[in-house]
Amino acid sequence: MKLKLLTGTAGIISASLTQIGFSQPVEKPNIIIILADDLGYGDLSCYGATSLKTPNIDRLSNQGLRFTNGYCTSATSTPSRYSLLTGSYAWRREGTSVLPGDASALITPGMITLPSVIKSAGYTTGVVGKWHLGLGPEGGPDWNGVIRPGPNDIGFDYSFLIPATGDRVPCVYVENGRVVGLDPSDPISVDYSKKIGNWPTGKENPELLKMHPSHGHDMTIVNGISRIGYMTGGKSALWVDEDMADVITDKAVKFIEDNHEKPFFLYFATHDIHVPRVPHGRFAGKSGMGPRGDAILQFDWSVGEIVKALKRMKIQKNTLIIVSSDNGPVVDDGYRDQAVELLGSHRPSGKLRGGKYSAFEGGTRVVFISSWKGTIKKGVSDALFSQIDLLASLAGIAGASIPEGGGPDSRNYMNVLTGKAKTGRDWVVEQTGRNKLSIVKNEWKLILPGQGPKIQVNTNTETGNDPEYQLYNLGNDPSERNNVAGDNPAIVKELTDLLNSIRSL
Ligand code: NG6
Ligand code: CA
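Computed from a prediction, not measured in an experiment: that's the story for all the values here.

### Thoughts on the overall build of the protein chain
Right, so step 1: What the protein chain contains, in helices and strands, is 10 helices and 22 strands.
Right, so step 2: Its C-alpha radius of gyration of 22 Å places the protein chain within 12% of the 23 Å reference for a compact globule of 505 residues.
Right, so step 3: Overall, the protein chain is about 65 × 60 × 45 Å in size when its C-alpha atoms are taken along their principal axes.
Right, so step 4: Here the protein chain, with 505 residues, has 62% of them falling under the buried criterion.
Right, so step 5: Carbon and sulfur atoms make up 51% of the accessible area of the protein chain, which amounts to about 18800 Å² in all.
Right, so step 6: Each charge class in the protein chain can be summarised by its mean position, and for the 53 positive and 52 negative side chains these summaries are 6 Å apart.

Listed below in structure tokens is the structure:
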């Protein structure tokens, strides 16, 4: 039985549902966020890619809204995901940059989160896939015991996790706080500062590798791939990279099947298309662009499986699906996987400059599709929308109220998400580091002066660092080629003041 919102339910709920145009008592929609990893603005065929096809995502886009100005908050994973799940900018807090795989939980019990808010409205909540927000108490998780705190302590009823990233140890899944398939007689040890145990490393035994690093990634070898960090033990629990998309997609589908009779919220965070890119044999070699392109096809397949499950359960018309990415694209992120050689004419960032790690738009302007069959009309939205607003906007859609102090940076733009409103936020803030911020307002983009190299040599990314202010007119210069700060001091001042005032909130 679906929960019904009847007239007379708490005022906030009725008011928010009226705003998106419901006149009848309605069922609360299921909500699914599918978050890709490192997928670029130009990586999907519905965003203009021609070298490969992503039919499942294109279909969602054709049934829903495709945003041209959808943003994540940060050009790397941990801060981006932190902001999405807490509605609070990661740059407000120390210790929120890319975390090692043995970091303790960043989001701790008592914090108000997207899942805790949605859960309070009667939803069953689940997370499947990449976490990368730390686990366990100070000092890090006990991989051989119960790993808490974790997602189950901050609002998720169910969790099945890749603890950090595919390229970081430990290479095991964690389900509801326990390593899956662990043999207690073979305990796991993890160390990020020195070698632990006697498992071979990429540095010492490169002849054992099936995928070689291009930079970094030369520590413990698991499944023929050397990683970041050292581990030993837990042999029976090790993941197989080639099966990862199948494993997590199955878990996501199972969560949908198990919960289809009542409202649910699923945060499905894929490993694709992060490194190491080791797609299943079904996809390997299929894109003609090497593993990076193949991983995009695999991601598209995962999205298709989710939609199929919704159809099977007959809940597609009652489910809002959002597809986006945690940050922009990178071609060589540390493994020799031919991504550079086979890129051809494909442009992972599309028309945008820069990518992952970059203050240019390619770092944080991402694919963003919102689809809700029968409710959201097909179209393209040019409204500014930031993932920071998912907490408040989805709370609005779920009919949840946000406790005092929750999601301090998050605003309710549910009408933008559903296409009822054409105008979104006034501005978005983008970060590449805690002190490296940019702001977009109207057609203007300001990048604050910053130290550091202009090119990150290993990844060959344009960082956007410059000791001078950079101002670009995204209206006539979407690729940020002409710095017009010198000609527009008043705009530079206005945007700097605005950014400072947001910072001091
Ligand atoms: C970098 C890694 C990169 C990737 C990134 C995090 C090296 C040399 N590079 O430090 O491969 O793991 O961290 O990516 O180790 S993210 O998408 O999770 O932010
Ligand atoms: Ca990422």
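We are not done yet, so read on.
### Thoughts on helix 6 (residues 290-312)
Right, so step 1: The end-to-end C-alpha distance of helix 6 is 33 Å, a good match for the 33 Å that 23 residues give at a rise of 1.5 Å each.
Right, so step 2: Counting buried positions along helix 6 yields 19 of 23 residues, so the element is predominantly enclosed.
Right, so step 3: Phi turns positive, to about 60°, at Lys 314, one or two residues after helix 6.

### What to know about unusual backbone geometry
Right, so step 1: Omega for the bond connecting Val 169 with Pro 170 falls within 30 degrees of zero, at 0°, which places this linkage in the cis form.
Right, so step 2: Looking at where Pro 170 falls in the secondary structure, it is placed in the loop between strand 5 (158-162) and strand 6 (174-175).
Right, so step 3: Looking along the chain, the bond that leaves Val 275 and enters Pro 276 is cis, with omega of -10°.
Right, so step 4: For Pro 276, the location among the structural elements is in the loop between strand 12 (264-269) and helix 6.

### Digging into the nonpolar core
Right, so step 1: In terms of nonpolar packing, the biggest core is built from 107 residues, with Ile 256 and Leu 394 touching the most fellow members.
Right, so step 2: Each residue touching Ile 256, except ones within four places of it in the same chain, is listed here: Ile 32, Phe 264, Leu 266, Ile 306, Ala 309, Leu 310, Met 313 and Ile 315.
Right, so step 3: In terms of nonpolar packing, the next biggest core, distinct from the first, is built from 18 residues, Ile 388, Leu 448, Ala 485 and Leu 498 among them.

### Notes on the sheet that holds strand 19 (residues 444-447)
Right, so step 1: Strand order in this open sheet of 4 strands is 17-18-19-22, and the pairing throughout is antiparallel. Across the chains shown, the open sheet's two edge strands, defined by having one partner strand only, are strand 17 (427-433) and strand 22 (470-473). For this sheet the average axis-to-axis angle between neighbouring strands, irrespective of direction, equals 15°.
Right, so step 2: Note that strand 18 (residues 436-441) and strand 19 share 4 bridges and pair antiparallel. Across the sheet, Lys 441 pairs through a bridge with Trp 444, a residue of strand 19.
Right, so step 3: Its contacts with the sheet place helix 10 (residues 489-503) against strand 17, strand 18, strand 19 and strand 22, and it is angled at close to 115° to strand 18.

### Considerations on the packing of helix 5 (residues 244-259) against helix 6
How two helices pack is summed up by the angle between their axes together with the distance between the axes.
Right, so step 1: Following both chains from N to C, one finds helix 5 and helix 6 inclined at 20°, their axes separated by 10 Å at the closest point. Between helix 5 and helix 6, the crossing angle belongs to the class labelled roughly parallel. Along this stretch, helix 5 crosses helix 6, giving a crossing that reads as right-handed. Along its contact with helix 5, which presents Ala 245, Asp 246, Thr 249, Ala 252, Val 253, Ile 256 and Glu 257, the element helix 6 presents Gln 298, Trp 301, Ser 302, Glu 305, Ile 306, Ala 309, Leu 310 and Arg 312.
Right, so step 2: Across the contact of helix 5 with helix 6, the residue classes tally to 8 nonpolar, 3 polar and 4 charged.

### Concerning the site of ligand 1
Right, so step 1: Inspection of the region around ligand 1 gives 19 residues, with Ser 77, Asp 167, Arg 168, Asp 333 and Lys 356 positioned closest.
Right, so step 2: Compared with its free state, where it exposes 450 Å², ligand 1 has 83% of that area covered by protein.
Right, so step 3: Tallied by class, the residues present in the shell around ligand 1 amount to 4 nonpolar, 8 polar and 7 charged.

### Topic: the domain arrangement of the protein chain
Right, so step 1: Domain assignment breaks the protein chain into domain 1 (10-188 + 233-417) and domain 2 (435-503).
Right, so step 2: Between the C-alpha centres of domain 1 and domain 2 the distance comes to 28 Å.
Right, so step 3: Listed as interface residues are 19 residues of domain 1 and, on the opposing side, 21 residues of domain 2.
Right, so step 4: Both faces combined, the contact of domain 1 with domain 2 buries some 1600 Å², and carbon together with sulfur accounts for 53% of it.
Right, so step 5: Of all residues in domain 1, Trp 91, Arg 353 and Phe 360 give up the largest surface area on contact with domain 2, accounting jointly for 36% of the area buried on that side.
Right, so step 6: At the junction of domain 1 with domain 2, the criterion picks out 2 salt bridges.

### A short note on the pattern of salt bridges
Right, so step 1: Inspection of the entire model under this criterion finds 29 salt bridges.
Right, so step 2: Among the charged side chains, a network of salt bridges with common partners joins Glu 361, Arg 365, Glu 430, Lys 445 and Glu 480.

### A look at the packing of aromatic side chains
Right, so step 1: If you walk through the whole model with that rule in mind, you get 14 aromatic pairs.
Right, so step 2: With a centroid separation of 4.9 Å and an interplanar angle of 15°, the aromatic rings of Tyr 89 and Trp 91 are classed as stacked.
Right, so step 3: In this structure Trp 91 comes out as buried when scored by relative accessible area, which is 5%.
Right, so step 4: Note on Tyr 173 and Trp 239: the rings are 5.8 Å apart at their centroids and 45° apart in plane angle, and the pair reads as tilted. With Tyr 173 in the loop between strand 5 and strand 6 and Trp 239 in the loop between strand 11 (230-232) and helix 5, this residue pair connects regions lying 66 residues apart in the sequence.
Right, so step 5: Residue class for Tyr 173 comes out buried when judged on its relative accessible area of 8%.
Right, so step 6: The ring of Tyr 47 has Arg 66 sitting right over it, with the charged end atom 4.9 Å from the ring centre.

Quick notes on the rules
Residues numbered from 1 in each chain as written. Chains lettered and ligands numbered in written order. Predicted model: local features only at pLDDT ≥ 70, side-chain atom pairs only at ≥ 80, totals over all residues. Heavy atoms only, no water. Helix = DSSP H or I, 4+ residues; strand = E, 2+ residues; numbered from the N terminus. Rg over C-alpha atoms; globule rule 2.2 N^0.38 Å. Buried < 20%, exposed > 50% of the residue type's maximum accessible area, 1.4 Å probe, protein only. Areas by Shrake-Rupley, 256 points an atom, 1.4 Å probe, with all protein chains shown as cover. Lys, Arg positive; Asp, Glu negative; His and termini not counted. Charge placed at Lys NZ, Arg CZ, Asp CG, Glu CD. Expected span 1.5 Å × (residues − 1). Core = buried A, V, L, I, M, F, W, Y, C linked by side-chain atoms within 4.5 Å. Contact = heavy atoms within 4.5 Å. Pairing = 2+ DSSP bridges. Axes fitted to C-alpha atoms, helices over the stretch in contact; angles between N-to-C directions. Parallel < 35°, antiparallel > 145°, perpendicular 65-115°, else oblique. Left-handed = near helix turned anticlockwise from the far one by under 90°. Nonpolar A, V, L, I, M, F, W, Y, C, P; charged D, E, K, R; others polar. Near = heavy atom within 4 Å. Domains from an automatic or database assignment. Buried area = accessible area lost by both parts, 1.4 Å probe. Salt bridge = Lys/Arg side-chain N within 4 Å of Asp/Glu carboxyl O. Phe/Tyr/Trp six-rings, centres within 6.5 Å; stacked < 30°, edge-to-face > 60°. Lys NZ or Arg CZ within 6 Å of the ring centre and 35° of its normal.

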